[in-house]
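Residues per chain, in single letters:
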Amino acid sequence: MEEDMMESDSAETPSSVPQGIPNAWETVTAALVSPVYSVSDEYLSESLALLCSNGLGMFLGGWLLETLQMRLTTTVAPEFWAGLKQPENELEEKDRAQVLLTTFHTLLDRLEPFLGGLEKLGTWQDEGRNGLCGPGARSLQEKAFTVIRALLLFSPSAMLQERVLEFYSRTFSVHMSQEGEAAEAEEGAEGPDGGVCPGCTVRTRQCWCQEALQQLQEFSHILSRLQLLERVSSEAVTSILHKLIEQRMEQHCRGEYERSFLLDFQEWLELVLGWLGRVFAKNSTGVSQVPVSSTPGNGQSANGVLQQWRCHMHQFFCRIYVNMRIEELFSIIRDFPESKPAIEDLKFCLERTNQRQQLLTSLKSAFESRLLHPGVHTADILTVYISAIKALRELDPSMVILQVACQPIRKYLRTREDTVRQIVAGLTGDAEGCSDLASELSRADPVTLEMQDSDDEGSDPEEWVPDPTDAVTDKTGSKRRSSDIISLLVSIYGSKEIFIDEYRTVLADRLLHQLNYNTAREIRNVELLKLRFGESHMHYCEVMLKDVADSRRINSNIREEESRLGEEEQPSVALSAMILSSEFWPQLKEEKLELPPLVSQAMEAYTHRYEKLKAMRTLSWKPHLGSVTLDVELEDRVLTNLTVSPIHAAIILHFQDKTSWTLEELSVKLGVPKEMVHRKLALWQQQGVLREEASGRYSVLETGSSKERMEGGVMLIDSDEEGDSNTTTQSEQREEKLQLFWAYIQAMLTNLESMSLERIHSMLRMFVATGPVVTEMDVNELEAFLQRKVREHQLMVSAGVYRLPKSN
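For the structure given in this document, a descriptive report is provided here. (Residues numbered from 1 in each chain as written. Predicted model: local features only at pLDDT ≥ 70, side-chain atom pairs only at ≥ 80, totals over all residues. Heavy atoms only, no water.)

Focus on the overall build of the protein chain
- Check the secondary structure of the protein chain and you find 29 helices and eight strands.
- For the protein chain, long-range pairs separated by at least 24 residues make up 72% of all intrachain contacts whose partners lie at least 6 apart in sequence.
- When the accessible surface of the protein chain is summed, it comes to about 41700 Å², and 50% of that surface belongs to carbon and sulfur atoms. (Helix = DSSP H or I, 4+ residues; strand = E, 2+ residues; numbered from the N terminus. Contact = heavy atoms within 4.5 Å. Areas by Shrake-Rupley, 256 points an atom, 1.4 Å probe, with all protein chains shown as cover.)

Next comes the structure, spelled out in structure tokens:
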């Protein structure tokens, strides 16, 4: 009893020596958590020594943390959330910001005693004061802040994020307005008198911008002290920055392809980082720091946090920019090369995001939905494909994106019958609005198909770089993958011969349609094509051009010979012939036409003189090809220098012998079907030369109205001849070749009774002699041809084996 009384007295007189453990515990814990508690260092040291000597010092940290937890649960956290729940509708934005700051001030005031006690206890432990041991200041603080975060923000109210988001949004607007960039989103808030602050959007005399920035510094200091800065701010800051980046990109980048935005974004990013430096400032002076526990150096830690946000913003910008440009990539490709800055920005951003597959999928879908359908002309598809080659090789030098994304275009172009003709027209400069291929041809690089081996095979193995993972699995590596436009177009069909054949057809049409012998342009094109495709492939075209030059010389010689004849021996019709070497020209259309005797006699005379010039050679005339220049004399007018087709000239010449004809009479006389004669007569009717009578007869209209009078010196072309070709089309030539194959197939099935598709194909490759203009049939084409014969009941198929019907 006497000892207990002494302990009680010691509690009342702190200056005396402690006489018991309870008093010592009270002294030490009060010194840790009560800022107003006063005790001498000697007495506190003796109390702490007593606790440590009895093994109680190790429990001080646990007691502090448990007391902190209880206080948070019972009073601090409820008070904190109650402070935020002010009547929101009754407060202005400025007042809501003040409420937010006051609430966190109160929170810090309630927790500061415990945080100070933990720091003091941790210091004692680190110093080993009076034998006190423990985890130290850093560990105790981490445990305390973990308790605070767990109890206070485990399931935070949405109101906290709303208030923080609103507060940060306003301070961002204020910061940007002060840094020289007026808040673009707030432009609509300015009144007609211009008296609205762009930062806080209130009247200038009520501006609270400086107060908002001061509140931001205080708020950051409080959150840093509680180590809640990242936890409270990150979501709101991320939301603000993402929204602003998206808005800025929509306003400045959407639909704008002709300038780069990376530098603009970098400048804007520096302004934003200034605001982030305020947000993540530790103290009220605005110096950007992070908590001591993050990294040893305060300044270095601040730079690290800002660098993390810089990287995050840059990554988000790249991702959003790539998403937007992927949506617009079809338009960007279509506008290339004007859109090259957008391609360069996209390349930069795509290298920093994992969105190549997204780009490939989206671009293929855009091609299929916007380009590859019957409503788009083949020339337009080729124009976009050429632009895609240029744009995508700029975007991806490995050509993988081009190879994968443009695969549907290449596949679709193979199904268009006029693809080859359009490509050849582009090469020769005949395609309207497409000069890309002609300029590419002028470069004179040799054509290399993707399946051919490249000279790069012998390159240094140390320079080898593997293809990206999304590359198409084939034998074509990145070094052998051609980026040449003409080579890529030729490789659609995998053969040069089909383009050479088409060019021969185009060249033949041009040479036969022109009314002079000027071949300078064609010679230039042939020379360029020789550099591209090789001299051997262009040999036939050289012979065709030589035929034109020879024809001009032969015509000159024959005319010179005719000029020496007497007037009676002069031919009634002046002829100029284009003499063709039939083996080297494409197959010409065959049409029957009986010419008037006057013309036939002139042609016979021309043939006779040619045979005298060229011994052992003769001419086989194509009377339906060519042009005729004539004068038409009527009763009240003369039509001079009219250029028409041979059949039109033959029709009007027959009206010179007889003024009225029926369709049947003209058909018999010309050797042409009545339907064609009826169509050809329409041209002379339109020009007011002939008229159709009620009886169905056609007669000459000797006198005509002023509207029907026509000036001479023009070329008359009817709708049948417009754009018509003198040579057979690719499909017509192909059908003839297929019939040749069919004869071989019938012979094989007659001898062997039944054969599989593969065996038929291999036999055809062995036995069909393919000339320089014959394209070998591949397996898919052969299968389609055989299936067509099955549908026509000329073949039977069972289990993949073909045989002739028994009736055959």
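Re the side chain of Gln 215
- Looking at the element boundaries, Gln 215 is found in helix 8 (residues 209–225).
- You can call Gln 215 buried: its relative accessible area is 3%.
- There is a polar contact of 3.0 Å between the side chain of Gln 215 and the side chain of Gln 98.
- Ignoring anything within four residues of it in the chain, the contact list for Gln 215 reads Ala 97, Gln 98, Leu 101, Phe 167 and Trp 208. (Buried < 20%, exposed > 50% of the residue type's maximum accessible area, 1.4 Å probe, protein only. Polar contact = N/O pair within 3.5 Å; in protein donor to acceptor, adjacent residues only side chain to side chain.)

Brief notes about the sheet that holds strand 6 (residues 754–756)
- With antiparallel pairing, three strands are arranged side by side in an open sheet as 6-8-7. Each having just a single partner strand, strand 6 and strand 7 (796–798) make up the two edges of the open sheet. Within this sheet the neighbouring strands show an average axis-to-axis angle of 30°, counted without direction.
- Relative to strand 8 (residues 801–803), strand 6 runs antiparallel, the two being bridged by three bridges. Of the residues in strand 8, the one forming a bridge with Ser 756 is Val 801. (Pairing = 2+ DSSP bridges. Axes fitted to C-alpha atoms, helices over the stretch in contact; angles between N-to-C directions.)

Structural notes on the sheet that holds strand 3 (residues 660–661)
- On the basis of which strands lie adjacent, the open sheet formed by three strands has the order 3-5-4 and antiparallel pairing. Here the strands that pair on one side only, and so sit at the sheet edges, are strand 3 and strand 4 (690–692).
- Here strand 3 pairs with strand 5 (residues 698–700) via two bridges, running antiparallel. Across the sheet, the residue bridging to Ser 660 is Ser 699, located in strand 5.
- Set on the sheet, helix 26 (residues 674–686) makes contact with strand 4 and strand 5; between it and strand 4 the angle comes to about 120°.

Some points on unusual backbone geometry
- Here the bond from Phe 336 into Pro 337 is cis, since omega is 15°, no more than 30 degrees from zero.
- Topologically, Pro 337 is positioned in the loop between helix 11 (298–334) and helix 12 (340–350).
- Positive phi, normally seen in glycine, also occurs at Met 399, with a value near 70°.
- Along the chain, Met 399 falls in the loop between helix 14 (378–395) and helix 15 (400–405).
- For Asn 641, which is not a glycine, the phi torsion comes out positive at approximately 55°.
- Inspection of the secondary structure assignment puts Asn 641 in strand 2 (residues 638–644).
- For Asn 641, a relative accessible area of 45% gives the class partly exposed.

Examining the packing of aromatic side chains
- Following the criterion strictly, the structure yields 16 aromatic pairs and no others.
- Note on Tyr 540 and Phe 584: the rings are 5.0 Å apart at their centroids and 65° apart in plane angle, and the pair reads as edge-to-face. With a gap of 44 residues between them, Tyr 540 in helix 22 (residues 539–563) and Phe 584 in the loop between helix 22 and helix 23 (597–613) connect regions that are remote in the sequence.
- Given the relative accessible area of 22%, Tyr 540 is considered partly exposed.
- Overall, the relative accessible area of 26% leaves Phe 584 in the partly exposed class.
- Aromatic pair Trp 742 and Phe 785: ring centres 6.2 Å apart, planes at 75°, arrangement edge-to-face. You can see Trp 742 sitting in helix 27 (residues 730–752) and its partner Phe 785 sitting in helix 29 (residues 779–791), a full 43 residues away along the chain. Each member of the pair, Trp 742 as well as Phe 785, is classed as buried.
- Put simply, the rings of Phe 80, Trp 81, Phe 104, Phe 167, Tyr 168, Phe 172, Phe 219 and Trp 275 pair up and form one aromatic cluster. (Phe/Tyr/Trp six-rings, centres within 6.5 Å; stacked < 30°, edge-to-face > 60°.)

As for the nonpolar core
- Among the nonpolar cores identified, the biggest contains 156 residues, and Tyr 168, Phe 219, Trp 275, Leu 276 and Phe 367 are the most heavily contacted of them.
- If we skip the residues at most four places from it in the chain, Tyr 168 touches Leu 216, Phe 219, Leu 223, Leu 229, Ser 233, Ala 236, Val 237, Ile 240, Trp 275 and Val 279.
- By size, the runner-up hydrophobic cluster in this structure holds 37 residues, among which are Leu 639, Ala 650, Ile 651 and Trp 661. (Core = buried A, V, L, I, M, F, W, Y, C linked by side-chain atoms within 4.5 Å.)

Concerning the environment of Glu 230
- In this fold, Glu 230 is placed in helix 9 (residues 229–252).
- Using a relative accessible area of 39% as the deciding quantity, one classes Glu 230 as partly exposed.
- Each C-alpha atom, one on Glu 230 and one on Val 305, is 9.9 Å from the other, the two residues being 75 residues apart in sequence.
- If near-sequence neighbours (up to four positions away) are discounted, Glu 230 is found in contact with Phe 280, Val 305 and Trp 309.

Some remarks on the packing of helix 22 against helix 23
- Following both chains from N to C, one finds helix 22 and helix 23 inclined at 110°, their axes separated by 10 Å at the closest point. On the basis of the axis angle, helix 22 is roughly perpendicular to helix 23. Between helix 22 and helix 23, the contacting residues are Ile 554, Asn 555, Asn 557, Ile 558, Glu 561 and Glu 562 on the first element and Tyr 606, Arg 609, Tyr 610, Lys 612 and Leu 613 on the second.
- Here the contact of helix 22 with helix 23 is built from residues that sort into five nonpolar, two polar and four charged. (Parallel < 35°, antiparallel > 145°, perpendicular 65-115°, else oblique. Nonpolar A, V, L, I, M, F, W, Y, C, P; charged D, E, K, R; others polar.)

Quick look at helix 29
- If you check helix 29, its first and last C-alpha atoms are 18 Å apart, about what 13 residues at 1.5 Å a residue would give, namely 18 Å.
- Along helix 29, the residues that are buried comprise Leu 782, Phe 785, Leu 786, Lys 789 and Val 790. Buried residues of helix 29, seen end-on, are gathered within an arc of 145° and therefore sit on one face of the element. Exposed residues lying more than 90 degrees from the buried face of helix 29 are Asn 780 and Arg 791.
- Backbone geometry just downstream of helix 29 places His 793 in the positive-phi region, at approximately 65°. (Expected span 1.5 Å × (residues − 1). Arc of directions from axis to C-beta.)

Overview of the environment of Leu 140
- Locating Leu 140 in the fold gives a position in helix 6 (residues 137–153).
- Classification of Leu 140 as buried rests on a relative accessible area of 3%.
- Through-space distance from the C-alpha of Leu 140 to that of Leu 115 is 9.4 Å; in sequence the pair is 25 residues apart.

Comments concerning the pattern of salt bridges
- Summed over the entire model, instances satisfying the criterion amount to 27 salt bridges.
- Note that Glu 351 and Arg 352 form a salt bridge whose closest N and O atoms lie 3.5 Å from each other.
- One salt bridge connects Glu 665 with Arg 697, and the closest N-O pair in it is separated by 3.7 Å. One end of the pair, Glu 665, is in helix 25 (residues 663–670); the other, Arg 697, is in the loop between strand 4 and strand 5, and 32 residues separate them in sequence.
- For Arg 697, a relative accessible area of 24% gives the class partly exposed.
- Taken together, the salt bridges that share partners define one network made up of Glu 250, Arg 254, Arg 325, Glu 327 and Glu 328. (Salt bridge = Lys/Arg side-chain N within 4 Å of Asp/Glu carboxyl O.)

Overview of the pairing of strand 1 (residues 628–633)
- Alignment of strand 1 against strand 2, held across five bridges, turns out to be antiparallel. For Glu 633, the partnering residue across the bridge sits in strand 2 and is Val 638.
- The hairpin formed by strand 1 and strand 2 contains four residues between the paired strands.

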